[in-house]
Amino acid sequence: MSILNADLHCHSVVSDGTLTPEALAARAAANGVELWALTDHDEIAGQHRAAAAAHAHGMKYLTGTEISVTFAGETVHIVGLGFDPDDPAMRQGLLDTRGGRGERAREIAAGLAQAGIKDAYEGALRYVGNPELISRTHFARHLVESGVCKDTSEVFRRYLVDGKPGYVPHRWASLKDAVQWITAAGGMAVIAHPARYKFTANEEYALFTEFKAHGGRGVEVVTGSHTAAEYVRYAATASEFGLAASRGSDFHSPDESHTDLGKLPFLPGQLTPVWELLADRIR
Ligand code: AMP
Ligand code: MN
Ligand code: MN
Ligand code: MN
């Protein structure tokens with residue numbers, strides 16, 4: 001086992017989490033995290049705050065983000081770690097990726113209105129911490145608070161996934177662009193929670209192959225989105241493709257997330273942890 005308590009995937013109010021970067025840092029430190037990364041969706045506005053808060057709690061820090069990508073008609077998430085947060089091309093790429101979210105949110109609300117749910121845009125906005133980063137999660141919180149569903153997973157199941165009234169197809173960044181922004185900014189691209197995608201075996205093979213060809217170097221093996229069986233499966237995939245392995249809770253909120261910061265099994269010992277390859281990027 002790699003017995004470092006690293007948590008390299010979580011979200012703050014800068015995207016769709018409910019805690020500030022400072023509150024997340026305090027919680028991570030209290031849970032024993034030694035190396036931390038904040039990985040807000042398509043956004044790095046919280047990075048300087050997160051690094052300062054990590055250091056105030058005696059934790060090491062890697063810069064982070066989670067980029068939304070469209071691959072083979074599905075949304076795939078690519079985590080970036082250890083990049084320069086002031087890199088202009090990376091910042092522009094993330095700005096462009098965030099760009100369509102406002103209009104998409106209006107369309108989500110229009111779909112929900114057709115299903116009889118009025119004013120969902122205004123409702124979702126009340127939960128948004130960053131006006132550039134309105135996400136399905138904010139709609140889900142609004143629909144729970146207004147009594148339409150009992151929890152956010154029910155909202156997704158009934159309203160926000162493909163085939164449901166509030167689902168809006170969207171084109172995010174390309175896999176190639178996302179991997180290259182991260183890599184050119186000195187960081188490492190990592191495939192987030194691979195078990196979550198509804199890919200055939202051939203599509204998954206294509207994802208890993210193209211990701212590597214573009215310069216991607218890591219994959220999440222131990223994540224809050226995987227079962228124990230999926231840790232084993234993606235440990236094998238990491239070895240097969242020669243990828244380093246990452247570990248992260250994907251924590252969003254004390255009320256919603258089932259995996260808390262720092263509370264995951266350690267990485268299996270035969271794998272190379274991403275932080276070994278990023279040693280000179282750790283602050
Ligand atoms: P978006 O980027 O707006 O498409 O929102 C994606 C976010 O929605 C993910 O990062 C998760 O935080 C959340 N999410 C996706 N699927 C579910 C689900 N089934 N239950 C709860 N949250 C979900
Ligand atoms: Mn999220
Ligand atoms: Mn994700
Ligand atoms: Mn995430």
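Please read all numbers here as calculations on a predicted model, not as lab measurements.

Draft legend 1. Expanded view of the overall build of the chain. Looking only at helices and strands, the chain features 11 helices and eight strands. In terms of overall dimensions, the chain is globule-like: its C-alpha atoms have a radius of gyration of 18 Å, near the 19 Å expected for 283 residues. Residues counted as buried form 54% of the 283 residues belonging to the chain. Sequence separation of 24 or more characterises 72% of the internal contacts of the chain that already satisfy a separation of 6 or more. Within the chain, the 35 negative side-chain charges are centred at a point lying 2 Å from the centre of the 27 positive side-chain charges.

Draft legend 2. Molecular detail of the side chain of E220. Examined against the element boundaries, E220 turns out to sit in strand β7 (residues 218-223). Although E220 is buried, it forms no salt bridge, and the closest oppositely charged side chain is R196 at an N-O distance of 7.7 Å. Side-chain polar atoms of E220 contact the side chain of H9, separated by 2.6 Å. At a separation of 2.9 Å, a polar atom in the side chain of E220 contacts the main-chain amide nitrogen of H193. With sequence-adjacent residues up to four places away left out, E220 is seen in contact with H9, V79, V190, I191, A192, H193, P194, H226, Y234 and S246.

Draft legend 3. Inspection of the nonpolar core at higher detail. The biggest cluster of nonpolar side chains holds 50 residues, and the ones touching the most others in it are L8, V69, I78 and V221. The contact partners of L8, leaving out residues within four places of it in the chain, are L35, W36, A37, T39, L62, V79, L81, S246, R247, G248, V274 and W275. Core analysis: the next-biggest nonpolar cluster, separate from the first, contains 18 residues, A124, F139, C149 and L160 among them.

Parameters and conventions
Residues numbered from 1 in each chain as written. Chains lettered and ligands numbered in written order. Predicted model: local features only at pLDDT ≥ 70, side-chain atom pairs only at ≥ 80, totals over all residues. Heavy atoms only, no water. Helix = DSSP H or I, 4+ residues; strand = E, 2+ residues; numbered from the N terminus. Rg over C-alpha atoms; globule rule 2.2 N^0.38 Å. Buried < 20%, exposed > 50% of the residue type's maximum accessible area, 1.4 Å probe, protein only. Contact = heavy atoms within 4.5 Å. Lys, Arg positive; Asp, Glu negative; His and termini not counted. Charge placed at Lys NZ, Arg CZ, Asp CG, Glu CD. Salt bridge = Lys/Arg side-chain N within 4 Å of Asp/Glu carboxyl O. Polar contact = N/O pair within 3.5 Å; in protein donor to acceptor, adjacent residues only side chain to side chain. Core = buried A, V, L, I, M, F, W, Y, C linked by side-chain atoms within 4.5 Å.

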